[in-house]
Structures are given as C-alpha cells and as structure tokens.
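# Examination of the molecular architecture
Listed here are the chains, written in short residue letters.
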Amino acid sequence: MKFSENWLRELVNPEVDTQGIVDQITMAGLEVDEVDPAAKDFSGVVVGEILTAEQHPNADKLQVCKVTNGTEEFQVVCGAPNARAGLKTAFAQVGAVLPTPDGKEFKIKKAKLRQVESFGMLCAEDELGISEDHGGIMELSADAPVGTCIREYLNLNDQIIDVDLTPNRGDCLSISGLAREVGVLNKAPVTFVADNETAAVIDDTFPVELKDAADCPRYVGRVIRGINPQAETPLWMKQKLERSGVRSIDPVVDVTNYVLLELGQPMHAFDLDKLSGGIVVRRAEQGEKLTLLDGQEVELNADTLAITDASGPVAMAGIMGGEPTSVTAETQNIFLESAFFNPISIAGRARSYGLHTDSSHRFERGVDWQLQTRAVNRATELLLEIVGGEAGPVVETANADELPAERQVYLRHSKVNSMLAFEMPAEEIEEILTRLGLGVESTSTEGEWHISVPSYRFDIAIEVDLIEELARVYGYNNLPVRTPTASMPIKEKDESKVSIHNVRRTLISLGYQEAITYSFIEAGLQKQFDDKYDGIALANPISAEMAIMRTSIWPGLVKALQYNQNRQQGRVRMFETGQRFLPSDNGEIVQENVIAGLISGGRDPEGWNAGKELVDFFDIKGDLEQLLALGGAAEQFSFESDRHVALHPGQSAAIKFAGETIGYIGALHPNLVKDLSLNGSVYLFEINRTALCQGKVSKYTEISKFPESRRDLALIVDEQVTFDSIRQIAEKQAGEFIKNVTLFDVYQGQGIEKGRKSLALGLTWQHPSRTLNDEEINTATDAVISALAIEFSASLRE
C-alpha cells in the first residue's frame, strides 16, 4: 500500500523524520518496500498564467505566449498543443533548475527559438518529475494563485511510502490504521477523522435483502439525490489519491476511493436511476453475465457472491461494480453502499476471474465489521461538500447472528515474561495494550488480564498474539539477547545392542544393495510365500496387485530380483529393513521389524580374474553369520533344519535364538522360481530385527601366554546329524578350558556305509595360567567321545 507522508502527518505527527518513520514501522512488522519523493528536486517554478498565445511566425507547431508570474510579464515560446490564453500552468522562470531523466539537472536560460526570444519554460508533469505524463503542459485550477511556488501549491515536498503488509494486518490498509500504528510506536496523539452523522433531509431509501447473510451479514446503504455531475474533485483529494496509486476519475468515485484509503472500508456508488426493484445480496447463478467497470464481460460462477437487482447482477460483491449501473457524467441520483463480507466468501474469487482490486485485497484480509455506517457518513459528508445534493436516511440491513462476535483474550504476566525472556513491567504491558486500542481489564488474580479485542484487529485471537503485539511495540531490537541454556544429558546407550546402521553397513560391505519395496502385495503371491498367516486385506487398495499387507519382505525382494533379471542383471544381492504386518487374535495388527536378504547369480562380480561359480546356500549363510557375530554373541544363535512353504525342502533352516524361531534361511522353492520366471537359484534369509540386534557387552580377557593343545577326531555319524548339535555337546563335555571346536572335513563314500558320514573335528584347549598336560587333554577327549557315542551313536573312524 502506498501513502503520502504528509497525509499521515495530518493525523499523527511524531518528532521523527521520514527515515525514522520508515525504520519504526518496518521493525514493527510493516515492511517498507520503497520511499519515493512526490516530485524530483527542482526550483524556480511558479504558478504562471498565459495572457495571450499567438502563432509563432517561423514555426507551425510553436506558439509565442505572454506569461505573467503575478508581478511581471514574459515572452515564452511553447510547443504544447494545450497552451492557450487564460490557462494557469507551471512556469519555470529564467534561472530555474529542472531535473533530467538521467538524474542530472539543467538550468533555464534565456533562449532564441526560430529567431524569437523565449524567457522561461512552460512545464509538463514529467519535466518536473511529478509523473510520466507528457501530453501537454500542466493545467492548474482556475483559482490557483499566480506567482506561488509550484512546490508549495501542489504540496510537492512530500514522500510516497510503499508498505508491504502481511495478510494478517489488514487493519493497516488505510491511512487511519497506519496512523494508529505510528502513534502507538511514538506515544504520539492521533487525530482520527471525526464520525459526523449527516442528517437526512429526504425520506428516500432503497430496499435491500440479504439472501446469503452468512457471506454478507451487514449491508449499509444511503440515497443521495440531486448531485452536481459537473463538479470537480478538489486538488487536495486528487493529490492524496494519486500519491496512493489511485487514479482520479470523477468526484463520486473519487470520494468512495478516498474513504477506502482513509478508513479502510471499500465502498461503491450506483446510479440510482439505473437500479430496478431493490438490492439483493445472493450467490450468483452459474453462467449469469455481468459487464464490469473495466469493460470486461464475465460469466459468474455459482460460488461468487453477487449484488443484484430485479434485472440481475449489478456488481461482484467485494470485487468490482458493474458498468451498466455505474456513475457517469449525467448521474444526478446515487445509491451509496458499504458492506461487510465474510473474508472466506471473497478469498480467491477475484483471482479466479483474473482480477485483483483494492476492494478484494481488503475484503480477503478482513475489514472492520463495525465500520460500514461510519464509512457511509464520511462519504456523505464529502459528497455533499463537493457535489451537493440531498441525503436520505442511512439504512442498515444486518443479521446479528452471522456477524463476528466480540472477542476476549486471557493474558498472563508470567507467560509474557517467559516468551520475551525478560521481566516486562505490568504497567508497561497495560500501557502498550491500551495504546493499541485494546480493552484491558484486570482479573482477581494479580498479573492476569482479560483483554477485549477491537473489531479492526481480527488477527488477535489467542494469548501469543497479544505477546507478539507487546514485542512489536516494545521493539524487537530492544528485547534482550540471551543465549538459551538447556540441560543436554548424554543419552544412555546400551552397548549390548547392535545398531541397525551397523547391520546395514555390514551388508553393504558384503556387496548387498539396500532396497525399499511396497508394503502391499498381491493376494496370490502372499499365499505362495506364507501359509501360516493370512494377509490383512486393504479396504481401498490402489490395485489388485497391492491389495494385501505383506507378512514377509521376501515377495517384494523377489519381485525386485525379477525386475532386475528382466533387465539383464545376472548378479543380484539385495537387502531390506522394514516391517511385516501380522494379524492377531484380538484383531490388532502386529507390526514386526525384520531384515531380509537375497542373493542370486555369480559368487564374484564379473572380471578377468573372477571365478564362474554360482552362489549357494553356504554363501548366504556365511553372510548372515557375519551379521549374527556383530553383537559378540554368535554362539546364542543356531540353525536347525526346518521346512518353509517358500523354501526348497532340502535347503531350508530355521534361525533360532534362545530356543525360539526368529527367522528362516534357504533356497527359494523351485516352483516359485518357475512361476516367477526367475533365472537360476535364489537364496534368501529373513530374521527378526530385535533378536538380530541382541548382543553382549564386551569385556577384557587376558591372552594366555601358554601353548594350545589340540586333538583331531574323525567321527562316523548318521547323515542327518548336524555339526552344530555335535559342537554343542563337545563344548559342554570338553571342560572349561575348551577354546574352539571346528569342522575341517566331511566325507561320504567308499569305506563309509550308506546313510552315514564322517566328520573331522578339531578340538583346541588352552589354560590361562599354565600348560595343560596330556592326561587332562586325554580325559576331556574321552568325555567328548563318550557323550557323542551315547547321543548320536558316534564312533571313531578307523
């Protein structure tokens, strides 16, 4: 919004210069974009009167004028087409200094144009830097005092300030609102425009009906008859309008625009004789047409609020009036309107028609809902002064139930001090809020107030809004700067747990890539991968292929493998951490965090020195064992042969922890490989993430200085017996100094009966403080052999 500094100082005149005002309102949240002078610097220009204007003897487009400055007469050669006898204009005398377009200046000197002397210059507005108009020399009012300095006559010693207001500060979209702010910031008195009621001298009214009272709860109108359509807008009003960026049109329109700028209330004046029936405020019917004041014909949408009469729409409510009922040079009777529109009903409507008007700009942000009658009274006062006429009574049509309610906000002194980080005295709080126009009422509790919010401050609704106002007025730059302090205790970290970050990093180091797959899968695929749980069906699935919540990550990873293989990716290693969704007996969804991996293709990346072997079960088992070892408690995990619907019957195992199954590992079932058209064998694992991340706290153990003792055993056992079960018994029977049990050979074939196999074990002992003797080693070895013979019918291979 642009405004004139001189106009502002008519209402409030603090003892600060232009820059001081600019700095103050900017720091108060009303950012100033630009400050421009009303005119460029010039001197020596006065009001002159052309006494005679005759044709130049040597030029067709020049005139020789006789001009007076009130005391002397001068001959001036002028080329302006509107130069004529009797015209009062801006006269730059010899010695005057004028601005140039490039920011420099030049001095008026006596000159000779086509052999005729010229003593001065008659000026256009652009030559004085007032505007860019160069249509002719300036035409001043007939009552302009000849000889007066043009800067004084036109009040050009003024600054035009452009303020960029935030949407919540619609109360400052008027000179009165800005004056209130400046007065508060400077503790200066503000002279607001008096609310003078003009008595009705005729009884004429015009009926108004509110069909959509929720969108327009108040509509104020007044009939004025017998205005003078030939009257002119006074110079002072034109200046204030133009310096606010509003073009002067005619006295009636200028007055409504002036009231908008002065009070912040948009208004409209209809030609009363062009209205029929009565005013009805309603939503437009889809497709109704209206020709606007700018000549544009629009088709109204059904969500647009319209001002209508018996003939149809005559204005777009809160946006723009219609051309057919507009005031013209022949208008003698007018109907003034001033309404309050719900901001929601106006917001966005103008933009939907490619419009943006001063009215819509204000109504979208909110207009004081108690201002309408005052605006009509002010407009009436100005109109009767300028164009005359007889005013009828002010008629208000309102729906009190739809008008905004008066608000009270509770404010605590302790909250103010807490949020502003210093002790603001209670007296200063009350003084600032009172200056802002808020009602301050102390409660029975000391340091607490009930604050009544005026109707023009629709942005104040809660306690922090009031605290923001206190900070603004006190001055953001005056608030103390304090370094915030906070207790920042170090978060306790359980060292027995393995972080998922370490799990991811380990898998990536093993050549895996992390995948993220959908949590929803196709129902048939779900059954192929899990026969234990029925997947939870979605109420509104995106598609049939994403209709079931997964009970395993495997389907997503296998589909990702299929996608990659279809794009010539032969070697694939992927993993994913995520949730699987399991139904429960009580109807709740159990969300279990798991981590799954998949490998397929070559064991090594393709290269001249790489082998051609394909991955097998022991590749993925080895990768998983590295994960299990991260917590230092690998011995707590074990693998047991088990069946899973998605895995190969002969190459699948359950992963155990503390006796419970926490996952599965194995080769993808051949039927699935075939159904999904996969290339080669696929190996997978899936394990509960919580169990995987279990570990133990490391502790220091001194390295023994004494030699190890080893015994190798070749045992013949049934082929179904696993090394893991043998290892557990061997570790249990070998005594406390057993250090390691390893399997270094497996043999089936000649010399071993069918259904049996030979396992070669290496048992290693070490004492921390002495060397173990042969007797101790032999005793421990015999104990292991005896226990294995009893448990598994194991015998030593001869």
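As a starting point, this report considers the structure included with it. Predicted model only: the values in this text are computed from it and were never measured.

About the thresholds
- Here the residue numbering is sequential within each chain, running from 1 through the sequence in written order.
- The predicted origin of the model limits local features to residues at a pLDDT of at least 70 and limits the giving and counting of side-chain atom pairs to 80 or more, whereas totals for whole chains, interfaces and linings rest on all residues.
- Only hydrogens and water are removed before side-chain values are computed, so all heavy atoms of the structure are retained for them.
- We count a stretch as a helix when DSSP gives it H or I for four or more residues in a row; a strand needs E for two or more, and each element gets its number in order from the N terminus.
- Computation of the radius of gyration draws on C-alpha atoms alone. For the globule rule, the value is 2.2 Å times the number of residues to the power 0.38.
- Whether two residues touch is decided by their heavy atoms; if any such pair falls within 4.5 Å, the residues are in contact.
- Under the convention used here, a 1.4 Å probe and the Shrake-Rupley method define accessible areas, while residue burial counts only the protein chains that appear.
- Here the positive residues are Lys and Arg and the negative ones are Asp and Glu; neither His nor the chain ends is included.
- To locate a charge, take NZ of a lysine, CZ of an arginine, CG of an aspartate or CD of a glutamate.
- For two strands to count as paired, DSSP must find a minimum of two bridges between them.
- Axis definition: a line fit to C-alpha positions, over the contact stretch in the case of helices; interaxial angles, taken between N-to-C directions, run 0 to 180 degrees.
- The cut-offs work like this: below 35 degrees is roughly parallel, past 145 is roughly antiparallel, 65 to 115 is roughly perpendicular, and the gaps in between are oblique.
- Left-handed describes a crossing whose near helix is turned anticlockwise from the far helix through less than a right angle; right-handed describes the clockwise counterpart.
- Residues were grouped as follows: Ala, Val, Leu, Ile, Met, Phe, Trp, Tyr, Cys and Pro as nonpolar; Asp, Glu, Lys and Arg as charged; and all remaining residues, including Gly, as polar.
- Expected helix span is computed as 1.5 Å times (number of residues minus one).
- Accessible area is worked out with a 1.4 Å probe on protein chains only. A residue is then buried under 20% of its type maximum, exposed over 50%, and partly exposed in between.
- Under this definition, polar contacts are N or O atom pairs within 3.5 Å; protein pairs additionally need one hydrogen-donor-capable and one acceptor-capable atom, and for neighbouring residues in sequence, both atoms have to be side-chain atoms.
- Between rings of Phe, Tyr and Trp, where Trp is taken as its six-membered ring, a pair exists when centres lie within 6.5 Å; planes separated by under 30 degrees are stacked, by over 60 edge-to-face, and by other angles tilted.
- Here a cavity is any set of points on a 1 Å grid over the protein atoms alone where a 1.4 Å probe fits but cannot get out, and a pocket is any open set with protein on both sides within 12 Å along at least 5 of 7 lines; a residue lines the site when it has an atom within 4 Å of a point.
- Grid points are joined across faces, edges and corners, and a volume is the space filled by probe spheres set on the points.
- Patch membership is restricted to residues that have no salt bridge and whose relative accessible area is over 30%. Joining uses 9 Å for like charges and 5 Å for the nonpolar side chains Val, Leu, Ile, Met, Phe, Trp and Tyr.
- Salt bridge, as used here: a side-chain nitrogen of Lys or Arg that lies within 4 Å of a carboxyl oxygen of Asp or Glu.

### Remarks on the overall build of the protein chain
Looking only at helices and strands, one finds 21 helices and 40 strands in the protein chain. The C-alpha radius of gyration computed for the protein chain amounts to 46 Å, which surpasses the reference 28 Å derived for 798 residues by more than 25%, pointing to a less compact arrangement than a globule. Taking the principal axes of its C-alpha atoms as reference, the protein chain extends roughly 145 × 65 × 65 Å. When contacts within the protein chain are restricted to residue pairs at least 6 apart in sequence, those whose partners lie at least 24 apart make up 68%. Accessible surface for the protein chain amounts to roughly 40,500 Å². Of this, 47% is attributable to carbon and sulfur atoms. Here the protein chain contributes 75 positively and 120 negatively charged side chains, and the mean placements of these two sets differ by 7 Å.

### Quick look at unusual backbone geometry
Phi is positive for Arg-114, which is not a glycine, with a value near 50°. For Arg-114, the position within the fold is in the loop between β8 (111-113) and β9 (116-118). Of note, the phi angle at Gln-115 is positive, near 70°, even though the residue is not glycine. Summarising the element assignment, Gln-115 is placed in the loop between β8 and β9.

### As for the sheet that holds strand β24 (residues 407-412)
Pairing between the strands of a sheet comes from backbone hydrogen bonds, and it takes one of two forms, parallel or antiparallel. Taken in spatial order, the three strands of this open sheet run β24-β26-β25, and their pairing is antiparallel. At either end of the open sheet lies a strand with only one pairing partner, and these are β24 and β25 (439-442). Averaged over neighbouring strand pairs, the angle between their axes works out to 25° when direction is ignored. Direction of pairing for β25 relative to strand β26 (residues 448-453): antiparallel, over a ladder of four bridges.

### With respect to the packing of helix α5 (residues 235-243) against helix α6 (residues 251-263)
One can describe the packing of α5 onto α6 by two numbers: an axis separation of 10 Å at closest approach and a directional angle of 55°. As summarised for this structure, α5 and α6 are arranged oblique, according to the angle between their axes. Note on packing geometry: the crossing formed by α5 with α6 is left-handed. Residue-level inspection shows Trp-236, Met-237, Lys-240 and Leu-241 of α5 in contact with α6, the latter providing Asp-254, Val-255, Asn-257, Tyr-258 and Leu-261. Here the residues of the contact of α5 with α6 sort into six nonpolar, one polar and two charged.

### As for helix α17 (residues 617-628)
Along its 12 residues, α17 runs 16 Å from first to last C-alpha, staying within 8% of the 16 Å computed at 1.5 Å per residue. Taken together, the buried positions of α17 are Phe-617, Asp-619, Ile-620, Lys-621, Asp-623, Leu-624, Leu-627 and Leu-628. A side-chain oxygen of the first residue of α17 lies 3.0 Å from the backbone nitrogen of Phe-618; this N-cap is Asp-616.

### A look at the packing of aromatic side chains
Evaluated as defined, the whole model comprises nine aromatic pairs. A ring pair is formed by Phe-341 and Phe-363, whose centres lie 5.0 Å apart and whose planes are at 75°; its orientation type is edge-to-face. Remark: Phe-363 occurs in helix α9 (residues 358-365) and Phe-341 occurs in the loop between β21 (333-340) and α7 (343-346); sequence separation between them is 22 residues. By the burial criterion, Phe-341 is buried, and Phe-363 matches it. Aromatic pair Phe-422 and Tyr-474: ring centres 5.1 Å apart, planes at 35°, arrangement tilted. With Phe-422 in the loop between α11 (413-420) and α12 (426-435) and Tyr-474 in helix α13 (residues 463-474), this residue pair connects regions lying 52 residues apart in the sequence. Under the relative-accessibility criterion, Phe-422 is labelled buried at 13%.

### What about the side chain of Arg-756?
Among the secondary structure elements, Arg-756 is positioned in strand β39 (residues 756-765). The class of Arg-756 is buried, set by a relative accessible area of 14%. A polar atom in the side chain of Arg-756 sits 3.3 Å from the backbone oxygen of Ile-716. Residues contacting Arg-756, with those up to four places away along its chain left out, are Ile-716, Val-717, Asp-718, Glu-719, Gln-748, Ser-793 and Ser-795.

### Focus on the sheet that holds strand β11 (residues 159-164)
The antiparallel open sheet is built from three strands, whose spatial order is β1-β11-β2. The sheet is open, and its two borders are formed by β1 (2-4) and β2 (31-37), each paired with just one other strand. Along the sheet, successive strands turn relative to each other by an average axial angle of 25°, direction set aside. Across six bridges, β2 lies against β11 in antiparallel orientation. The residue bridging Val-35 from the neighbouring strand is Ile-161, located in β11.

### Structural notes on the layout of surface pockets
Size it by volume and the largest pocket reaches roughly 1,300 Å³. Residue assignment for the lining of the largest pocket shows that the elements contributing at least two residues are α17, β33 (637-641), β34 (647-657), α20 (723-733), β38 (738-747) and β39. Across the lining of the largest pocket, the residue classes break down as 14 nonpolar, eight polar and 12 charged. Considering every element that reaches the lining of the second largest pocket, the biggest residue donor is α5, with five residues. Residues of the lining of the second largest pocket, tallied by class, amount to 14 nonpolar, eight polar and 11 charged.

### Section: a negative patch on the surface
On the surface, Glu-31, Asp-33, Glu-34, Asp-36 and Asp-164 cluster together into a patch of negative charge. Looking at which element gives the most residues to the negative patch, the answer is β2, with four residues. With respect to the secondary-structure elements, Glu-31 resides in strand β2.

### A word on the pairing of strand β3 (residues 43-55)
Direction of pairing for β3 relative to strand β6 (residues 88-99): antiparallel, over a ladder of six bridges. If you follow Glu-49 over to β6, its bridge partner there is Lys-88. Pairing of β3 with strand β4 (residues 63-68) involves six bridges; the strand directions are antiparallel. Within the sheet, the bridge partner assigned to Ile-50 lies in β4 and is Val-67.

### Digging into the pairing of strand β37 (residues 709-718)
As paired strands, β37 and β39 are joined by 10 bridges and run antiparallel to one another. Counted as the bridge partner of Ala-714 is Ala-760 from β39. The sheet contact formed by β37 and strand β40 (residues 795-796) spans two bridges and is antiparallel. From the neighbouring strand, Ile-716 faces β40, where its bridge partner is Ser-795.

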